[in-house]
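Geometric and topological summary
The chain contents come next:
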Amino acid sequence: MVMFMPAGLARHKEVKPDKILFIPHDNRPISDKQTAEVVKKLGYEVVVPPDDMLGNRENLGNPDALWEWLHANALEAKAAVISSDSLVYGSLVGSRKHNYKRGEVIERVSRFQQFRQENPKLPLYVFGSIMRTPRSGMASGHEEPKYYRSYGGDIFRYTVLTDKEEVEGLSRRETKEKAFLRELIPKRDLNDWLGRREKNFAVNEELIKLTRKNVFDYLVLGRDDNAPYCQTHMESRHLSEAGKDLGKTRFQTMAGIDEMAMLLMARSVNTLRREVPSVYTRYNWGRGPNTVPAYSDEKISISIGDAITAVGGTAVSNPAQADFVLMVNTNPNGKTYEANERNNDGEDREGSKYFADLVSEYVDKGYPVGIADISYANGSDNALMEQLKKRKLLFKLCAYSGWNTPTNSSGFVIAEGTLVRHMKKEDVDALLLTRYLDDWAYQANVRNTIARQLTWLRGDGVYGSLDTKREAVSLRTQKMISRFAAENLPAISSLEEIYVYFPWNRMFESDIQHQAYNDIHFFKK
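Residues numbered from 1 in each chain as written. Predicted model: local features only at pLDDT ≥ 70, side-chain atom pairs only at ≥ 80, totals over all residues. Heavy atoms only, no water.

**Points about the overall build of the protein chain**
- Scanning the protein chain from N- to C-terminus turns up 17 helices and 15 strands.
- By the compact-globule yardstick of 24 Å for 525 residues, the protein chain fits well, its C-alpha radius of gyration being 23 Å.
- Counting only C-alpha atoms and orienting by the principal axes, one finds that the protein chain spans roughly 80 × 70 × 55 Å.
- Residues counted as buried form 59% of the 525 residues belonging to the protein chain. (Helix = DSSP H or I, 4+ residues; strand = E, 2+ residues; numbered from the N terminus. Rg over C-alpha atoms; globule rule 2.2 N^0.38 Å. Buried < 20%, exposed > 50% of the residue type's maximum accessible area, 1.4 Å probe, protein only.)

Dropping the structure here:
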């Protein structure tokens, strides 16, 4: 007897969402769940390792456990976006502080080849880091070995001269300065730092070789915090040369690192959907595309072009033909300020109204507009946000980003901007709200105020290590963000339920949770 399934049952058979494996380079909210959340809103199942496997500031992560997790979860996955730093060192911070031997890290890289043999049809998108060169011990955020706090500025300057010597040569005075620094920096510390970099460089060379063998569908190596001359810049030049035969559609080195996961998540989705999103870019007046932003070694137009390539997109010259219109808020003088500086007070600056006029014009024409807010690093431009608020443009955008370094912001908003056209309006608004609470409310405003008030709070703790003040800082931050939201954002439901955590025990980044992610009626009726 032949049995037939009723048509109604066939139509209502549950269809599982496509599964994407995602191994971030640590468990910071922006690296981990905020990146995954963007793709989840498209209906994909994003599978991430348990938090205790991922690295943070103290726990450098567990590479062997992550490898086991990857093998165990590969079945039925449609794509995998993987941090090589996590699978080789445990985490991004682990890549800077580990004590693994060269043979250990190279052996872990070789496991990718076995994984590819076991999963021949699974698209693999891999991102890794070219170790950063912080300008000082303070700039390192205690994420380098302890000696960097004492000699970080000297090490940075030494590598500036080393890189410059290779590119254009040194003056007699610079040659003497380099020799002096070589004597000044303790030999053991410099050898430790350079030795770890040598391992990192060797790992990245092996990753390029695996890309050439078609183990990876795409590989990007991010230049973590760097400068026009430094060790990171020098190593990137050599790695770019080593992989130049692959072409940018298979391998890139790029300025930045924390945005790479979002870029490759977008690439995986665009590839699954067989789409090549088109992006039109418009800059503020002045230096605009020729701006070399803080923490970078190249013009922002180059970084943005690389990011568009990384998501599998293409640049277009007409906004009417674009799937996403990227507006880049740069300072006319080409400088990048810090969001906690006094001049970020919300008063109009040169270029503020002009840029807001551009945004208004493009929104009024019906273009899908997103903003890379990079005139300040580590937070929003308050003058721009005031203009957007006055003009009621905040939730007429389709994407926004103004966190951390300029390339972090521009890369993240490009990736998100190429995906949001497939989302519901309430989901787009929820993602915007996350960025406004984090980048604008917290990073550009509340954080600075709380930092000045730390001495008022009971307990032991400082900005970079909150310790027993952690809970008090969370509660005070929640109240201040709620007040900021009430004064600056539209009437949005559930904003009174804001919770703030500091997962890395420092004020630099926070985990701001709100109910709008799950709100069906996002705006109050």
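**Remarks on the pattern of salt bridges**
- Inspection of every chain in the model, using the stated rule, returns 39 salt bridges.
- A salt bridge links R28 to D26, with the shortest nitrogen-to-oxygen separation between them at 2.9 Å.
- Using a relative accessible area of 8% as the deciding quantity, one classes R28 as buried.
- Judged by its relative accessible area of 1%, D26 is buried.
- Here the salt bridges share partners, and the residues they tie into one network are R96, E143, D224, R506 and E509. (Salt bridge = Lys/Arg side-chain N within 4 Å of Asp/Glu carboxyl O.)

**Some points on the environment of R506**
- Here R506 shows up in the loop between β14 (499-501) and β15 (511-513).
- Looking at R506, the relative accessible area reads 6%, which means it is buried.
- As for R506 and A451, which are separated by 55 residues in sequence, their C-alpha atoms are 11 Å apart.
- With residues near it in sequence (within four places) discarded, R506 still touches R57, G141, E143, Y463, G464 and L466.
- Of note is the side chain of R506, whose polar atom sits 2.6 Å from the side chain of E509. (Contact = heavy atoms within 4.5 Å. Polar contact = N/O pair within 3.5 Å; in protein donor to acceptor, adjacent residues only side chain to side chain.)

**Here we look at the sheet that holds strand β1 (residues 19-23)**
- Spatially, 6 strands are ordered β2-β1-β3-β4-β5-β6 in an open sheet, and the strand pairing comes out parallel. Each edge of the open sheet carries a strand with a single partner, namely β2 (45-47) and β6 (251-255). Adjacent strand axes in the sheet meet at a mean angle of 20° when their direction is disregarded.
- Of the pairings in the sheet, the one linking β1 to strand β3 (residues 77-83) comprises 5 bridges and is parallel in character. When the bridges of β3 are listed, I23 appears paired with I82. (Pairing = 2+ DSSP bridges. Axes fitted to C-alpha atoms, helices over the stretch in contact; angles between N-to-C directions.)

**Focus on the packing of aromatic side chains**
- Under the defined criterion, the tally for this structure stands at 12 aromatic pairs.
- Judged by centre distance (5.0 Å) and plane angle (85°), the rings of F112 and F216 are edge-to-face. Taken together, the residues F112 in helix α6 (residues 102-118) and F216 in the loop between α9 (187-212) and β5 (218-223) connect sequence positions 104 residues apart.
- You can call F112 buried: its relative accessible area is 0%.
- Above the plane of the ring of Y218 lies R267, whose end atom (NZ or CZ) is 3.9 Å from the centre. (Phe/Tyr/Trp six-rings, centres within 6.5 Å; stacked < 30°, edge-to-face > 60°. Lys NZ or Arg CZ within 6 Å of the ring centre and 35° of its normal.)

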